[in-house]
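# Chain and residue survey
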Amino acid sequence: MTASAVAPANVCLVIDGVEVTVARGTSVAAAIAHAGAGGRRSVLGQPRAPLCGMGICFECRATIDGHAQRRTCLVPAANGMVVVTDG
Ligand code: FES
């Protein structure tokens, strides 16, 4: 589904190369979970996931539209957004 064909109540973004449609207002962190995408890994290779949901723990970081280390719990999903997790 392309962004132009998405109902106004929804947004379409790409997470790790897969198009995902979520309700407008959904955080990128929630969209990643909805998509079942991998998520970030620690420097020791352990899987990491959102913990606080309010921008404090930094466990939800991903690259959004080429900007690395964004806290995905603070960013609303948007049409055409490209998200890359490392997991
Ligand atoms: S979940 Fe803690 S900063 Fe995003």
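Everything numeric here is computed off the predicted structure, so don't read it as measured data.

### Brief notes about helix H1 (residues 28–35)
Every buried residue of H1 is listed here: Val-28, Ala-29, Ala-31 and Ile-32. Take H1 and look down its axis: the buried residues cluster within an arc of 160°, on one side only. Residues of H1 that are exposed and point over 90 degrees away from its buried face: Ala-33 and His-34. Where the residues of H1 are buried, they touch strand E1 (10–15), strand E2 (18–23), strand E3 (61–64) and strand E5 (82–84). Just downstream of H1 lies Gly-36, where phi reads positive at about 70°.

Analysis parameters
- Residues numbered from 1 in each chain as written.
- Predicted model: local features only at pLDDT ≥ 70, side-chain atom pairs only at ≥ 80, totals over all residues.
- Heavy atoms only, no water.
- Buried < 20%, exposed > 50% of the residue type's maximum accessible area, 1.4 Å probe, protein only.
- Helix = DSSP H or I, 4+ residues; strand = E, 2+ residues; numbered from the N terminus.
- Arc of directions from axis to C-beta.
- Contact = heavy atoms within 4.5 Å.

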